[in-house]
Amino acid sequence: MIVARTLLACLAFVTGLAASFGQQPDHFYNIDTERRVEGTIKQLIFESRYETSAPFLILLVEENRTGNVYKVEISPAWFFNHDLHKGEKVKITGSLYTKDDTLFIIARQLQVGGETFTLRDSRGFPSWRGGQMKGKVRRQGRGM
Amino acid sequence: MGMVLLRTVPKKANKTMRKTILAAVAALIFGTLARADSLNLSLFQSSTDNLFQTAFAEKDQISSLSFSFEKSFQPFSFFSEGSYSYLYENTNVSYYAQDVGLDYVHSLNEKTALYLALKAVGTLYRADFADFNFFSVGAAAATKTYFTQTSIMKLSYTFDYRNYNNYIFDFTGHLATFSIDKFFETRTTLKTELTWGYKYFLHPFAAAGSLPEDGVFRQHGGHGMGPAYYSGSRTVAKQASTGENQGQGLQIFSLTGLIAQGIGDRIGLRISGTRQWTLSGKNPFASIEEFYLVENPTYDVFAWNGTAVSAQLTIEAPWNTQLKIGYTKSSKEFPGIEAMNMEGVSLAVTRQDTRNQWEARLEKNFPSFSFYFSYSYVDNASNDPLFDWKGNFLSAGIGWNLAWGTLR
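All chains use their own residue numbering, which begins from 1 and follows the written sequence. Labels are handed out in written order, letters beginning with A for the chains and numbers beginning with 1 for the ligands. With pLDDT at 70 or above as the cut-off, local features in this predicted model cover only qualifying residues; side-chain atom pairs require 80 or more to be listed or tallied, and sums for whole chains, interfaces and linings still use all residues. Note that water and hydrogens are dropped before the side-chain values are worked out from all heavy atoms of the structure.

Helix and strand counts for chain B come out as 2 helices and 18 strands. Here chain B holds 408 residues, and the buried ones make up 54% of them. Note on contacts: a residue pair is in contact if any heavy atoms of the two residues lie within 4.5 Å. Partitioning the intrachain contacts of chain B with sequence separation of at least 6 by distance along the chain shows that 62% fall at a separation of at least 24. The Shrake-Rupley method, run with a 1.4 Å probe, gives the accessible areas here. Residue values count only the displayed protein chains as cover. When the accessible surface of chain B is totalled, it reaches about 16700 Å², and 62% of it is carbon and sulfur. Helix and strand definitions follow DSSP, with helices as H or I runs of at least four residues and strands as E runs of at least two, each counted in order from the N terminus. Whether a residue is buried, partly exposed or exposed follows from its accessible area with a 1.4 Å probe, protein chains only, as a fraction of its type maximum: under 20%, in between, or over 50%, in that order.

This paragraph deals with the overall build of chain A. Scanning chain A from terminus to terminus reveals 1 helix and 6 strands. Each helix and strand of chain A, ordered N terminal to C terminal, gives the series α-β-β-β-β-β-β. Every one of the 144 residues in chain A was classed for burial, and the buried ones make up 56%. The long-range fraction of contacts in chain A, counting pairs at least 24 apart against all pairs at least 6 apart in sequence, stands at 50%. Element-wise, carbon and sulfur atoms account for 51% of the exposed surface of chain A, whose accessible area totals about 6300 Å².

Relative to the elements of secondary structure, serine 287 of chain B occurs in the loop between strand 13 (267-281) and strand 14 (305-317). Sequence spacing of serine 287 of chain B and glutamine 149 of chain B is 138 residues, and the spatial spacing of their C-alpha atoms is 48 Å.

Time to look at unusual backbone geometry. Residues and elements named next belong to chain B. A positive phi angle, near 70°, is found at arginine 187, a position not held by glycine. Phi at alanine 348 is positive, roughly 60°, even though this residue is not glycine. Inspection of the secondary structure puts alanine 348 in strand 16 (residues 346-365). Take alanine 348: its relative accessible area is 64%, and that puts it in the exposed class.

Attention now goes to the nonpolar core. The nonpolar side chains of a soluble globular protein tend to be buried with one another. Residues and elements named next belong to chain B. Remark: nonpolar core denotes a set of buried residues (Ala, Val, Leu, Ile, Met, Phe, Trp, Tyr, Cys) joined through side-chain atoms within 4.5 Å. Counting 38 residues, the largest nonpolar core has Phe129, Ile288, Val294 and Phe334 as the members making the most contacts within it. Elements with a contribution of two residues or more to this core: strand 5 (112-125), strand 12 (248-263), strand 15 (321-340) and strand 18 (389-402). When sequence neighbours within four positions are dropped, the list of residues in contact with phenylalanine 334 reads Asn283, Ile288, Tyr299, Ala303, Trp304, Thr350, Arg351 and Asp353.

A separate point is the packing of aromatic side chains. Residue and element names in this part refer to chain B. Pairing of aromatic side chains here covers Phe, Tyr and the six-membered ring of Trp, requires ring centres within 6.5 Å, and sorts the geometry by plane angle: under 30 degrees stacked, over 60 edge-to-face, intermediate tilted. Throughout the structure, instances matching the rule amount to 24 aromatic pairs over all chains. Where phenylalanine 129 meets phenylalanine 132, the ring centres are 5.1 Å apart and the plane angle is 45°; that geometry is what we call tilted. Under the relative-accessibility criterion, phenylalanine 129 is labelled buried at 1%. Seen from their ring centres, phenylalanine 171 and phenylalanine 201 are 6.1 Å apart, and the 65° between their planes marks the pair as edge-to-face. Linking phenylalanine 171 in strand 8 (residues 171-183) with phenylalanine 201 in strand 9 (residues 188-201), this pair joins segments that are 30 residues apart in sequence. Phenylalanine 201 matches phenylalanine 171 in its accessibility class, with the two residues each being buried. Whether a charge sits over a ring comes down to the Lys NZ or Arg CZ being within 6 Å of the ring centre and within 35 degrees of the ring normal. Lying across the ring of tryptophan 304, lysine 332 places its NZ or CZ 4.6 Å from the centre. Its guanidinium or amino end placed over the ring of phenylalanine 387, arginine 351 lies 3.9 Å from that ring's centre, counting from NZ or CZ.

Another point: the pairing of strand 6 (residues 134-148) of chain B. All names here are of chain B. Burial runs high along strand 6: 11 of the 15 residues are buried. Strand pairing follows a simple DSSP-based rule, namely that at least 2 bridges must link the two strands. Of the pairings in the sheet, the one linking strand 6 to strand 7 (residues 151-164) comprises 14 bridges and is antiparallel in character. Bridge assignment links alanine 139 to a residue of strand 7, and that residue is phenylalanine 159. Following strand 6, the chain reverses through 2 residues before pairing antiparallel with strand 7.

Residues and elements named next belong to chain B. Judged from the 15 bridges that link them, strand 15 and strand 16 form a sheet pairing that is antiparallel. Bridge pairing links leucine 323 to leucine 362 in strand 16. The hairpin formed by strand 15 and strand 16 contains 5 residues between the paired strands, and glycine 344 there has a positive phi angle of roughly 85°. Bridge analysis of strand 16 against strand 17 (residues 369-382) gives 13 bridges, and the strand direction is antiparallel. When the sheet's bridge partners are listed, arginine 355 is paired in strand 17 with asparagine 380. In this antiparallel pair of consecutive strands, strand 16 and strand 17, the connection spans 3 residues.

Residue and element names in this part refer to chain B. Tracing the sequence through the fold places asparagine 283 in the loop between strand 13 and strand 14. Residue classification places asparagine 283 among the buried positions, given a relative accessible area of 2%. At 3.0 Å, the side chain of asparagine 283 and the backbone oxygen of alanine 303 are in polar contact. Setting aside chain neighbours within four positions, we find asparagine 283 in contact with Lys238, Leu250, Ile288, Thr298, Ala303, Phe334, Pro335, Gly336 and Ile337. Any N or O atom pair separated by 3.5 Å or less is treated as a polar contact, with the protein-specific requirement of one donor-capable and one acceptor-capable atom, and with residues adjacent in sequence counted only for side-chain atom pairs.

We now examine the pattern of salt bridges. By convention in these notes, a salt bridge is any Lys or Arg side-chain nitrogen within 4 Å of a carboxyl oxygen on Asp or Glu. Enumeration over the complete set of coordinates arrives at 16 salt bridges over all chains. A salt bridge links arginine 36 of chain A to glutamate 38 of chain A, with the shortest nitrogen-to-oxygen separation between them at 3.9 Å. For glutamate 316 of chain B, the salt bridge is made with arginine 266 of chain B, and the minimal N-O distance between the two is 3.4 Å. You can see glutamate 316 of chain B sitting in strand 14 and its partner arginine 266 of chain B sitting in the loop between strand 12 and strand 13, a full 50 residues away along the chain. Overall, the relative accessible area of 5% leaves glutamate 316 of chain B in the buried class. A residue is classified by how much of its surface remains accessible, and arginine 266 of chain B, at 42% relative accessible area, is partly exposed. Within this structure, Asp83 of chain A together with Lys144, Lys154 and Lys191 of chain B form a network of salt bridges that share partners.

Turning our attention to a nonpolar patch on the surface. Residue and element names in this part refer to chain B. Together, Leu362, Phe366, Phe371, Phe373, Tyr375 and Leu394 make up a nonpolar patch on the protein surface, roughly 490 Å² of accessible area in all. Sorting elements by how many residues they give to the nonpolar patch places strand 17 first, with 3 residues. With respect to the secondary-structure elements, phenylalanine 373 resides in strand 17. Residue phenylalanine 373 is classed as partly exposed on the basis of its relative accessible area, which comes to 36%. Surface patches are drawn from residues lacking salt bridges whose relative accessible area is over 30%; two like charges belong together within 9 Å, two nonpolar side chains (Val, Leu, Ile, Met, Phe, Trp, Tyr) within 5 Å.

Below, the discussion takes up the confidence of the model for chain B. Regions with low pLDDT carry predicted coordinates that are not meant to be interpreted in detail. Residues and elements named next belong to chain B. Across chain B, the average pLDDT comes to 83, with 80% of residues at 70 or higher. Per residue, pLDDT captures the predictor's confidence, and it can take any value from 0 to 100. For residues 1-13, every residue scores under 50 in pLDDT, and the model assigns this stretch 35 contacts once sequence neighbours within four places are set aside. This stretch, residues 215-233, has a pLDDT under 50; its non-local contacts, to residues over four places away or in other chains, come to 59 contacts. Confidence estimates for the predicted assembly give a pTM of 0.81 and an ipTM of 0.76.

Laid out in structure tokens, this is it:
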């Protein structure tokens, strides 16, 4: 029970600390600029795109049709459970914006290796997918 | 477990602690819900012809309603999920589960990221299953590193402490994994994973003087635990050999190999194999069971050693539909658990199960909700005749991702 109390205290402390962080990021998902890109991953980078934000996984994706290179933002935490590599073919649907002559896409849906991953719903709101501790209250009872 | 244990095993006097925890969790949830970034509601309807997964199959249907939400306090993220499951035939197994936690992601450099999380979980069953009510706290840490752009190394550790209404199930658990993979231009991925785990039941043995003359608790059929017409009995808790507060640890190690292959643009195939060893210890209970959708602390990844191989085909079908078809074959031995005959008499051999399992899952994504359908068939052969069973499991569900808060 001492362990439980200690961890609960830590949880409450960190929650209180977290409340002091309230800044909104300076970008948002714009469904009016949504587009779909089919291409190949050329590079992967962990990067904090915005001040105080958690790191994004940034994919540099070369579009098959045009040869354009996009910087694709994959949401924080999600990438811990899913492994992407240079050379993999991907289909990305997301919100496009341009900054300093660079093409950026905030990913909403990612298709790779026959699997489809939905990171946001069709209106751009983040879906309930996240780090490895989330959503593990499943009652499987299968021992594996 | 069941009514017998409920009456004979004294419960802990920790009501004050539980009330404090419930109040804290409620304040966290409702305070954050008002400002959530995402809110998801889902409804699942499941059906099985073998709820308790024994030779005495019992049908039931389960309705589950769950909500989950997330709020980002960059760089932290608060998350919570609650779910209520109602069983139509075995209503006393119905339960409510709630988790709440925080996680944090930090990039150490361009190639390495760190993930930290704290989580608390509580589950409440109705009266007959109250022994399984628990409160849990856990922590996780993980790092992910791109060795090269085509090779990923991951290291993770999770800690879990659970406090049950029936003290014999209380445990602490540690699980550490290391994995490394390599992607090739042929669209082939090779991956190997090492897992080490240690689970320590804090006081799994029955208190001295609380046992019948033959030294064992017995679980009888009925009471929602199993089929009422089950004529045998099962030992659940043993008498401690050196003292009633004696603990029991189980240490495991496993090696997993995986090969994944992309076929065309729409098909993925993965084949994996796992070999697991019990490095030390054995199950402290005389019999262990698993239940469909109901977590049993005596039967989990720590309970067995053996092998498992699986194959999964993922097909990206038209109309934004995804189909997964899988097969798993496992052969498990449960150290410390003796197979018994239907009368509950030991057969003097360690329990061994061989299982064949087929699964199919279909997912269809619509603009603001997703539809799921899954089916699995399990054929479990065991040298303990009670656990020689077959079962069909069917589930369909729908999930809504509600617009909430502001876009980001």
